[in-house]
Each structure stands twice: as structure tokens, then as C-alpha cells.
Amino acid sequence: MFRAINKVAKNSKALKNQTEVIRCLSAQPQTKSKQTPRAEKAAKPNLSFVHNLFRGQVESSQVFPYPIALNQEQIEYVGAFVDPVSKFFSEVNNADRNDMNAQVDEETLKHLWELGAFGLQVPQELGGLELNNTQYGRLAEIIGMNDLGLGIVIGAHQSIGFKGILLYGTKEQKEKYLPKVSSGGVYAAFALTEPSSGSDAASIKCRAVKSADGKHYILNGSKIWISNGGIADIMTVFAQTEVLDEATGQKKDKVTAFIVERGFGGVSNGPPEKKMGIKCSNTAEVYFEDVKIPVENVLGKEGEGFKVAMNILNNGRFGMGMTLGGTMRYCIQKATDHATQRTQFGKKLESYGGIQEKLARMSVLQYVNQSIAYMISGNMDLGSNDYHLEAAISKVFASEAAWYVCDEAIQILGGMGFMRDTQLERFMRDLRIFRIFEGTNDILRLFVALTGIQYAGSHLKEVQKAFQNPAANLGLIFKEASKRASSYIGLGGVDMTGLVEPSLKNSAKLCGESIDMFARTVESLLIKYGKKIVDEQFLLNRLADSAIDIYAMASSLSRASSALKSNSPTADFEKLMVETWCVEASDRVRINLRKIHSAEFNENYKRMSVISKKLCEAHDIVHNNPIGV
Amino acid sequence: MSRVLVGVKRVIDYAVKIRVKPDKSGVVTEGVKHSMNPFDEIAVEEAVKMKEKKLASEVIALSVGPPQSQETLRTALAMGVDRGIHIEISGKDYEMLQPIHISKMFAKIAQDEKCDLIVLGKQAIDDDSNQTAQMTAAVLDWPQAVFASAVEKTDGGLKVVREIDGGLETITTKLPAVVSADLRLNIPRYATLPNIMKAKKKPIKKLSAADVGVDIKPRIEVISVEDPPIRQAGSIVPDIDTLVSKLKEAGHVK
Ligand SMILES: Cc1cc2nc3c(=O)[nH]c(=O)nc-3n(C[C@H](O)[C@H](O)[C@H](O)COP(=O)(O)OP(=O)(O)OC[C@H]3O[C@@H](n4cnc5c(N)ncnc54)[C@H](O)[C@@H]3O)c2cc1C
């Protein structure tokens, strides 16, 4: 065992450059500042469940009990909004027409402004409704039930478009811009992506040069696929700027965030892109030609734009979970309507096991997704900063669960599901983009796996240090030793049964076992690959999938426990779903982790690499058809 | 015209499927979505419009019911009503409350608040009594214009178009008066979120039945509440002759 730790320690030296590695996945949030690895040590402990999962520790403070940040008054406040927002969708908005026309008509937009939908989280004195994240999420659910395209018009505006001003704006910036964008009819956009820089957002080429008198920046460059890009008058724009490194005295290019008004001059945009879905949301290229930006319009600090961008995205990700929870609910309504009405072979569809399995899975996914999304918003509202991996998981989970649920709803409806009138085909088209934008799911998986591994690695480094001076660190060494001993001989170091209601003990046990297996896998990967783990995407993806399944188990276990404890009328039903979920998710974790260790599967990854290489050489399939003509 | 009093009742939402309690003492209300009685929404809209047209100086909403009635009042305030009055009555007392009690309360508040017009919904969609407006007019000895589908201010009072069997009737009335709103009077606005937010700051006065001096001792007793009979499945008959003989069999035609 001690040998094992030493081995880890040796390899973990190589992990020093891990932050660099993460930077390569730059569409991703950075949770810690790069320059201060030393200061991190003294910083507060990381309370993220997912981070600590990689160390095999159950950090339960943000998961148990289920975090609800609203008091009764706040619940009533948002409760009063539910009806008017729903009515807007049933009486004013026409999602099918928006889709057909590829735009939202003026009358509907006017209603939306009057409704207050564009400034949900802005402070009241600046023209908004001052909703916290959970309240915002509740309304996003309604939007997701009705019109995802419109959801992006609203979301690109406030979830990313001007979110930077809310998070990083100075008092003057807030007072100047927030009233306009919350109640003044002015649209906002978030402009990060460029033709040569998508996932690798740190590689942007837009450049802002400070004028000689130091009062302005001159911005040049172009952005692509900017939501609201054709209608926004205020944009959060990211560009390279030359920044002096105080420590080395050298000049270096670093990203800075700016608030750019169309009115500054030199801002123009391309025509609306023609798209597969979310058609009514305007997507356009935006061009900047010698745009003169006053220095007061730097958002956050000069040179810290990348962090600003990542935190804006991080901060909004839970919203996707909320929105798509609404979409899944719509799909389930449609599917159950049909299953209870349609008779084939003399029986209603609902009586067939094949249909029952589909419906049950749909409901379980909706529940688990909702549990994750509300857990994150709850933690954010309670002041947590350690939610970035969780938010990434929420985004991946929501977009994939909603795709699955919508697809199965269409299947249950059969031919009817394929018809425009049923609206499911529109939801399906609209849903596709959610796996791509705001960080692709692939990149977010790598982000979760690598950030977690880095966190685990840094811990192992501490253990290594302890061994250099064992006398002074006996406590830590013994703690580690006993933890490892128990898990290696298969006792299972993790016991979550005390965290849940007694009737969910068995499910909690499955979750605990998954965590044990997971942590051992992380450790063995560190030992085997060290820094080189970065290149092992076949393995990282399976690790990420396991982390997602485990976090999903923990959040839904917590929610159902709370429901049971408070005797909620649906508690028994929730228990049923969580039990179902934990059996399936823990099984998947076992399979995924085995596929990391298995020699047979590792052989297969090599095969797949070869297959892919050949294809890319050929730019085509490589094989002939069986008849050879 | 100076002051309008409107009634807003908290009822089970029109879209909810009503369930009878197993002991047949009433319907299930717990955990069930409630909202403002739709006819009261129309009454509120009418009063708020009068205020917007400067025909009314103030609009007061009154709700009688359990603590949650405050939410209904908030909705009215968000729609443009100036202030609310809540007469809190809950539990068994509220279950047994009848239009006779409510109308006395409206009459008392109208007098205390010096209102000269009361606009109520023609009926509440839960008990469908259709009595409160008429009784309130009687208690106050004011003229009544019920089932209004149009209300217009004239010099001396109101011109009201009423929905009656087979058509419309136009009447004029002096003020003070009681009007009850029918379905076609207007299309009520929905509260915008900023107005809901602002409504949080508008005042709601809380009173008890004793404060307004109304004896709420029940005069009636509920013996049993039951579901309507379940509709029997229909069947398709091959031709007219079979249809006629089947109808005869069932005693529907002779
Ligand atoms: C409708 C729409 C609206 C949008 N709105 C906005 C907006 O408002 N503001 C804005 O700034 N941007 C916006 N975008 C851009 C969006 O965020 C990007 O499309 C997204 O970040 C992905 O970048 P990319 O398209 O360049 O793909 P790429 O980064 O080129 O990726 C292509 C594929 O390769 C994968 N990949 C990339 N790198 C790696 C790696 N290292 N390892 C393994 N796989 C990898 C990706 O996961 C993806 O599957 C929008 C895009 C669309 C389509």
C-alpha cells in the first residue's frame, strides 16, 4: 500500500502542469486562478461533491439535505409569476409560427418586455424583478415547456448577454446599462465564438488596442454565430489585449471583456443564419471595425476576460437544466396523452411493457435532471462558489436527457409524432443545439474528468509531502492509510446510508459502492498515466460518464429523502423513481469503469483510433460494398 | 364616481379536475391549484378600466376566505387595484359560509369605505350560487344591474347592457349601485411580472368576521357531496331504425 502511494506521488509530480492542460480545453470554466497555486492551499476547502468524488470522499454539505434557498415569501413571489408567464405562452406566443417565420413578431416581443421577461434577475431599482437563480429557473421551466427558440432569445439576452454586467459590472456600468436591458427594450448578446475559435475560446483573434492617451481601446475582428447578434445594441465582447505582466515585466496577450454598444460605431452584423432549430432566435456574425470603446467599458479587470467569460457560462448553465426539464415535461404530457388514448391490437398502448419502460425512463430522467438543476441553483443562491463541475454535469445531463425523452415521445406517438402539429418535431430540432453551444458536451465531459483528476492529484501530492516528514504528519498518514486499507480489501470506504431516509438505504448503498469504485479507478489512472492522462480521451469520457451518473444518484437520493422526510404527497412515487435510477446508474458506472480497466476494451480503443485515422485519410468510408461495384 | 369595491374570491382553478373527499363532506382542496374566480377577474378588469379612464378615483378589492386569499388579493393588486381588504375566515367556518354572509360583509365594507359602486362576478365557479350581487344590493337597498356585458358611465349613473335569456337588455341606473360581471363584459388583462412585484408594496387590511359585525353561524348543513354520475360509454348503431328502437327501449321517445 505504501508503495502504491509512492508511485502515485512520483507520477503526480508530472501533474504540476495540469492547469495548463485544462487551459487547452478552454471553452471551459476555470475554477481557480492560474497564477496562485500556492495561495490555493490556504484557501477555503472545496465543498464541491463532484470534486471530492475524485478523491473518494463524500463531501455532502452541498447535497444533503436537499438545498432549497427560498423562504415562504420568495416561493409565493415566484408562484405569483407562474400563471401570467404560462398565460403569455397559451394566449400570446405562437411557437409554431415563430418557428415557421424564423422570427418572433414585434407584438409578441412587446408583450414579453411588458411581462418583464427580459430582466428577471436584475435588481428592482435597476428595472428588473430581482429573482434569484431558483426563481429564475422556475420560470425557465415554463419557457422550456413551450418554446425553446424564444427561450434562447430571452436566455442569450440575460443568461449570457448582460450577465457579465450583473456579475462583474461596476456601479456605474450597472446603472448605465441594466435599466436599458431589463426594461428599456434594448437587447444584449454575448460574443465570444470566432470562426477559428469555438471550443478553444482562449485562442480568439479579435483584438483591442489601447489608444495613446489611454482613454480608449480600438477593437477589430469578427465573431460568428452570436445569438441576438443581429438585434443586440449592447454586447459583451471578448478580445485579446496586450497586458504587462507585473512579475516578469513582459508584455503578453490576454483576453479582456468589454461592454460594446452598437452606437459606438463600426459594429455591424451579417444576415440571420438559417438553422436546424431555435429558428426564431436570431443568430448572426458580428463585425467590429475600429470600434472605439471607452476604457470605462472594460468588464472586470483588464486581462481577466477569459475568467469573466467562463464564469458567465458557468453561472448560467443550471438554467439549461431548468429549461429542458420543462421540455421533458411537455414531451411526457404528449406521450401519456397518446399512450392512454391509442388502441392497437385491441389494447391501449399504456398496457404494453415496451411503452411502460419508455414512459418510466422518461419520467425518471425528468426527475433526476430537475433534482440536479434545482440543487445547483439552491447552492448558488446559498452563496456557493464550488459548483462548476456540477453545473457542467447539469448541462450535459439535461441536454442529453431531453434529447432522449423527446425522441422516445415521438416513438410512442408513432407517425403522429413525426407530424408538425404535434410540436414534438420542433422540440427535437430545437433541442439539438443544446448539446453543442455553451460548451459542447464532449468538452464538458473532458472538463469534468480532468478537473477532477487534477484535484485528486493535488491531494496525492500532499500525501507525498507528508511522507517527507512523517513525524510531523502522522495524523494525515494514518488517515490515508486506513482509508486505503479498507477500500482495497473491499470493505468499501464510503457509506452513504446515514445520509438518506432509511427506506432508501439500498439505493444509497449502490451510490456508495459506485463512489468507491470510482475513486479507485481515478487513483489507478493517476498511477498509470500521470500527466499523460490528458491524452486518454477514451478513458476520460467513461470516467466523466461515471461521475455524471454518481452525481445524478446523489442529488436525486437527496431530493427523494427530503420528500420522504416532509411527507410530501409524491414522496413514495419519488422513491420509486430514485430506486429505479440507482439500480441502472450504478450498473452503468460499474460497466464504464470496467471498460477503463479492461485490457480487451483498451485494445478496442486502439482499434477505433486506427479506424478513425483511416477514415480521415480517405475522407470517406474505407471499405467497398459487398458486391464491389 | 369616486370609489369602486370589487369582490375577488379564491376558488379551485378552472382547469383542475375536481375530486370529492372520500367521506363526502366536500371536495379536496389541499394541494390543489387555486386562482381568482374568472368572473371576478372580469369585475376587476372593469373597475381598473374605470380608474384608467378617470371614472373612478380608487379601486378596492375585498376577499373573504382563508389566509391564502391574500394571494388572490395580490393578483388583483397586480392587475391595478389600489388596495385590498381581507376578511379572514377559514376551516369549518369558511366551508359553511353562504352568499347571505358574504353580501352583508360587502355591504358593510362598501359603507365603511364610502364606495358608490360594487362590481362582483356574476357567480363563483366553485359553488355557482349566483346570489351575492343580488343580495348585496338588497342589504344596501341599492339598485342592481346584474349579468352586465357592457357598462358605460352616464351623467347621473350607469348605462348597463345585461345578458338575458334570448338577448340583451339595456338599462340605466343611478349610483350607488351593484353590478355583476358576465363573461363578455371584457377580456381581463393578465398581471405583468413588474406589476406583481409592485403589488407586494400595496396595502392589504386584514379583518375578521367580528370586525365587520357579521354573524357567520351556519344556517345550512351539508349532508353529502357526490360526484356526478359517470357518463356511460356510447355505442354506434348501424341505422336509424335501430337508433329509434333503442331510444324507445330506454324510454327516451314514445
Ligand atoms: C445556434 C447557435 C448559437 C450560438 N450562440 C452563441 C453566442 O451567443 N455566443 C457565442 O459566443 N457563441 C455562440 N455559439 C457558438 C457555440 O458556442 C460554438 O459553436 C461551440 O462553442 C462549439 O464551437 P465550434 O462550433 O467551433 O466547434 P469546435 O470547437 O470546432 O468543435 C467541433 C467538435 O469537436 C469537438 N472537440 C473540440 N475540441 C476537442 C478536443 N480537444 N477533444 C475532443 N473533442 C473536441 C467538439 O466537442 C465538437 O464536437 C452559437 C452556436 C450556435 C450553433
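Chains are numbered independently. Their residues run from 1 in the order of the written sequence. Labels are handed out in written order, letters beginning with A for the chains and numbers beginning with 1 for the ligands. Local features in a predicted model are, by the rule used here, given only for residues with pLDDT of at least 70; side-chain atom pairs are given and counted only at 80 or more, and totals for whole chains, interfaces and linings are based on all residues. To get the side-chain values, all heavy atoms of the structure are used, and hydrogens and water are removed first.

**Focus on the overall build of chain B**
When helices and strands are counted, chain B shows 7 helices and 11 strands. Considered along the principal axes of its C-alpha atoms, chain B spans approximately 65 × 45 × 40 Å. Every one of the 254 residues in chain B was classed for burial, and the buried ones make up 45%. Summing over all exposed atoms, chain B offers an accessible surface of approximately 13,800 Å²; the carbon and sulfur share of this is 53%. In this description a helix means any DSSP run of H or I spanning at least four residues, a strand means any run of E spanning at least two, and both kinds are numbered starting from the N terminus. Burial status follows relative accessibility: with a 1.4 Å probe on protein chains alone, a residue under 20% of its type maximum counts as buried, one over 50% as exposed, and anything between as partly exposed. Accessible areas in this description were obtained via Shrake-Rupley with a 1.4 Å probe; residue shielding takes into account the shown protein chains only.

**Looking at the environment of Ser568 of chain A**
Tracing the chain through its elements places Ser568 of chain A in the loop between helix 20 (537–565) and helix 21 (571–597). Here a residue-residue contact requires only that any non-hydrogen atoms of the pair lie within 4.5 Å. With sequence-adjacent residues up to four places away left out, Ser568 of chain A is seen in contact with Ala563 and Glu574 of chain A.

**Notes on the site of the ligand**
Residue and element names in this part refer to chain A. Here a residue is near a molecule or strand as soon as one of its heavy atoms is found within 4 Å of it. Every one of the 20 residues lining the ligand counts as a neighbour, but Phe190, Thr193, Ser199, Trp225 and Thr440 are closest to it. At 2.9 Å from a nitrogen atom of the ligand is found a main-chain nitrogen or oxygen belonging to Trp225. Within the side chain of Gln537, a nitrogen or oxygen atom sits 2.9 Å from a nitrogen atom of the ligand. Mapped by element, the contributors of at least two residues to the shell around the ligand are strand 3 (216–227) and helix 17 (441–468). Considering only residue class, the shell around the ligand consists of 10 nonpolar, 7 polar and 3 charged. All domain edges in this entry derive from an automatic or database-based domain assignment. Structurally, the shell around the ligand is a two-domain feature, drawing no fewer than three residues from each of domain 1 (2–44 + 443–611) and domain 3 (188–313). Distance and chemistry together define a polar contact, namely a pair of N or O atoms within 3.5 Å, with one atom able to donate a hydrogen and the other to accept it when in protein, and with adjacent residues in sequence counting only for side-chain atoms on both sides. Residue type decides the class: Asp, Glu, Lys and Arg count as charged, Ala, Val, Leu, Ile, Met, Phe, Trp, Tyr, Cys and Pro as nonpolar, and the leftover types, Gly among them, as polar.

**A short note on the UniProt feature "domain: ACAD9/ACADV-like C-terminal" (unreviewed entry) in chain A**
What UniProt calls "domain: ACAD9/ACADV-like C-terminal" (unreviewed entry) maps, in this numbering, to residues 502–620 of chain A. Helix makes up 85% of residues 502–620 of chain A and strand makes up 0%, while its end C-alpha atoms are separated by 56 Å. UniProt positions are given in the numbering used here, feature names are shortened, and annotations may be inferred rather than shown by experiment.

**Comments concerning unusual backbone geometry**
The peptide bond linking Phe64 of chain A to Pro65 of chain A adopts the cis configuration, its omega dihedral lying at -15°. Tracing the backbone shows Pro65 of chain A in the loop between helix 4 (49–53) and helix 5 (72–92). A cis amide bond links Leu175 of chain B to the next residue, Pro176 of chain B, at an omega of 0°. In this structure, Glu438 of chain A takes a positive phi of about 55° despite not being glycine. Take Glu438 of chain A: it is sitting in the loop between helix 16 (424–432) and helix 17. With a phi angle near 60°, Asp141 of chain B is a residue other than glycine that sits in the positive phi range.

**Thoughts on the interface of chain B and chain A**
If you look at the interface, chain B gives 13 residues, while chain A gives 21 residues. Reported buried area values correspond to the accessible surface (1.4 Å probe) lost by two parts on association, with both partners' losses combined. The contact between chain B and chain A buries some 1,300 Å² in all, and 66% of this surface belongs to carbon and sulfur atoms. Looking at the side of chain B facing chain A, the largest losses of area belong to Tyr190, Leu193 and Met197 of chain B, adding up to 52% of the total buried there. Here a salt bridge means any side-chain nitrogen of Lys or Arg lying within 4 Å of a carboxyl oxygen belonging to Asp or Glu. In this structure, Lys200 of chain B engages Glu73 of chain A in a salt bridge whose closest nitrogen and oxygen atoms are separated by 3.8 Å. Take the side of chain B that touches chain A: its biggest share by element is 4 residues, from helix 6 (residues 193–199) of chain B. When the residues that make up the side of chain B that touches chain A are grouped by side-chain class, the tally is 6 nonpolar, 2 polar and 5 charged.

**Examining the packing of helix 8 (residues 133–146) of chain A against helix 9 (residues 148–161) of chain A**
All names here are of chain A. For helices, the fitted axis covers only the stretch in contact; all axes are lines through C-alpha atoms, and the angles between them, taken along N-to-C directions, range from 0 to 180 degrees. The interhelical angle for the contact between helix 8 and helix 9, taken along N-to-C directions, is 150°, at an axis separation of 7 Å. As judged from the angle between their axes, helix 8 and helix 9 are roughly antiparallel. Residue-level contacts link Tyr136, Ile143, Gly144 and Asn146 of helix 8 to Leu148, Gly151, Ile154, Gly155, Gln158 and Ser159 of helix 9. Put simply, angles under 35 degrees are roughly parallel, angles over 145 are roughly antiparallel, angles from 65 to 115 are roughly perpendicular, and the rest are oblique.

**Some thoughts on the pairing of strand 10 (residues 177–181) of chain B**
Every regular strand shows the same layout, with side chains that alternate between the two sheet faces. All names here are of chain B. Across the 5 residues of strand 10, 5 count as buried, placing the element largely inside the fold. Burial along strand 10 is two-sided: the residues Ala177, Val179 and Ala181 and Val178 and Ser180 are all buried. Strands are treated as partners if at least two bridges between them are detected by DSSP. As paired elements, strand 7 (residues 144–153) and strand 10 share 3 bridges and run parallel to each other. Bridge pairing in strand 10 links Ala148 to Ala181.

**Description of the nonpolar core**
Formed by 188 residues in total, the largest nonpolar core has its most connected members in Phe54, Leu219, Phe288 and Trp581 of chain A. Discounting chain neighbours no more than four positions away, the residues touching Leu219 of chain A are Cys206, Arg207, Ala208, Val237, Ala239, Val260, Phe288, Glu289, Asp290, Val291 and Ile293 of chain A. Among the buried residues, those of types Ala, Val, Leu, Ile, Met, Phe, Trp, Tyr and Cys that are joined through side-chain atoms within 4.5 Å form a nonpolar core. Of all hydrophobic cores here, the second largest spans 29 residues; its members include Ile60, Met105, Leu207 and Ile216 of chain B.

**Overview of the sheet that holds strand 4 (residues 58–65) of chain B**
Residues and elements named next belong to chain B. With mixed pairing, 9 strands are arranged side by side in an open sheet as 9-8-7-10-6-1-4-5-11. At either end of the open sheet lies a strand with only one pairing partner, and these are strand 9 (167–174) and strand 11 (204–207). The sheet shows a mean angle of 35° between the axes of neighbouring strands, direction not considered. Bridging between strand 1 (residues 3–7) and strand 4 involves 5 bridges; their strand directions are parallel. Residue pairing for strand 4: Gly7 is matched across the bridge by Leu62.

**Overview of a nonpolar patch on the surface**
A cluster of nonpolar side chains, Ile611, Leu615, Ile621 and Val622 of chain A, forms an exposed patch at the surface whose accessible area comes to about 360 Å². Mapped onto the elements, Ile621 of chain A comes out in the segment after helix 22 (599–618). Residues form patches when they are more than 30% accessible in relative terms and have no salt bridge. Like charges link within 9 Å. Nonpolar side chains (Val, Leu, Ile, Met, Phe, Trp, Tyr) link within 5 Å.

**So, the UniProt feature "domain: Acyl-CoA dehydrogenase/oxidase N-terminal" (unreviewed entry) in chain A**
Mapped onto the present numbering, the UniProt feature "domain: Acyl-CoA dehydrogenase/oxidase N-terminal" (unreviewed entry) falls on residues 81–184 of chain A. What you have in residues 81–184 of chain A is 73% helix and 0% strand, and the ends, taken at the C-alpha atoms, are 20 Å apart.

**Quick look at the pattern of salt bridges**
Residues and elements named next belong to chain A. Throughout the structure, instances matching the rule amount to 45 salt bridges over all chains. Close ionic contact of Asp99 with Arg429 constitutes a salt bridge, the shortest N to O distance being 2.8 Å. One end of the pair, Asp99, is in helix 6 (residues 95–101); the other, Arg429, is in helix 16, with 330 residues separating them in the sequence. Take Asp99 and Arg429: they sit in the same class, and that class is buried. Glu425 is the partner of Arg429 in a salt bridge, and the nearest nitrogen-oxygen pair spans 3.0 Å.

**Side note on the packing of aromatic side chains**
Two rings belonging to Phe, Tyr or Trp (six-membered ring only in the last case) form a pair when the distance between their centres is within 6.5 Å. Interplanar angles under 30 degrees mark stacking, angles over 60 mark edge-to-face geometry, and anything in between is tilted. In the structure shown here, the tally under the stated rule is 14 aromatic pairs over all chains. Taking 5.7 Å as the distance between ring centres and 70° as the angle between the ring planes, the aromatic pair formed by Phe397 of chain A and Trp581 of chain A counts as edge-to-face. One end of the pair, Phe397 of chain A, is in helix 14 (residues 388–413); the other, Trp581 of chain A, is in helix 21, with 184 residues separating them in the sequence. Per residue, the accessibility class of Phe397 of chain A equals that of Trp581 of chain A, and both read buried. We call a charge positioned over a ring when the NZ of a Lys or the CZ of an Arg lies within 6 Å of the ring centre and within 35 degrees of the ring normal. Above the ring of Tyr455 of chain A, the side-chain terminus of Arg55 of chain A is found at 3.6 Å from the ring centroid. The ring of Tyr77 of chain A carries Lys200 of chain B above its face, with NZ or CZ at 4.0 Å from the centroid.

**Some remarks on the packing of helix 20 of chain A against helix 21 of chain A**
All names here are of chain A. Axis separation between helix 20 and helix 21 bottoms out at 9 Å; the angle between their running directions is 160°. Relative to helix 21, the element helix 20 lies roughly antiparallel. Handedness of the helix 20/helix 21 crossing: left-handed. When the residues that make up the contact of helix 20 with helix 21 are grouped by side-chain class, the tally is 17 nonpolar, 4 polar and 9 charged. Left-handed describes a crossing in which the near helix is turned anticlockwise from the far one by less than a right angle; the clockwise case is right-handed.

**A look at the confidence of the model for chain A**
All names here are of chain A. pLDDT expresses how confident the predictor is about each individual residue, on a scale running from 0 to 100. Mean pLDDT over chain A: 91, with 88% of residues reaching 70 or higher. Counted against residues more than four places away or in other chains, residues 1–41, with its pLDDT under 50, gives 82 contacts. Predicted confidence for residues 485–491 stays below pLDDT 50, and this span has 9 contacts to residues more than four positions away or in other chains.

**Here's the deal with the environment of Leu117 of chain B**
Residue and element names in this part refer to chain B. Of note, Leu117 is situated in strand 6 (residues 117–121). On the accessibility criterion, Leu117 (0% relative accessible area) is buried. As for Leu117 and Gly65, which are separated by 52 residues in sequence, their C-alpha atoms are 22 Å apart.

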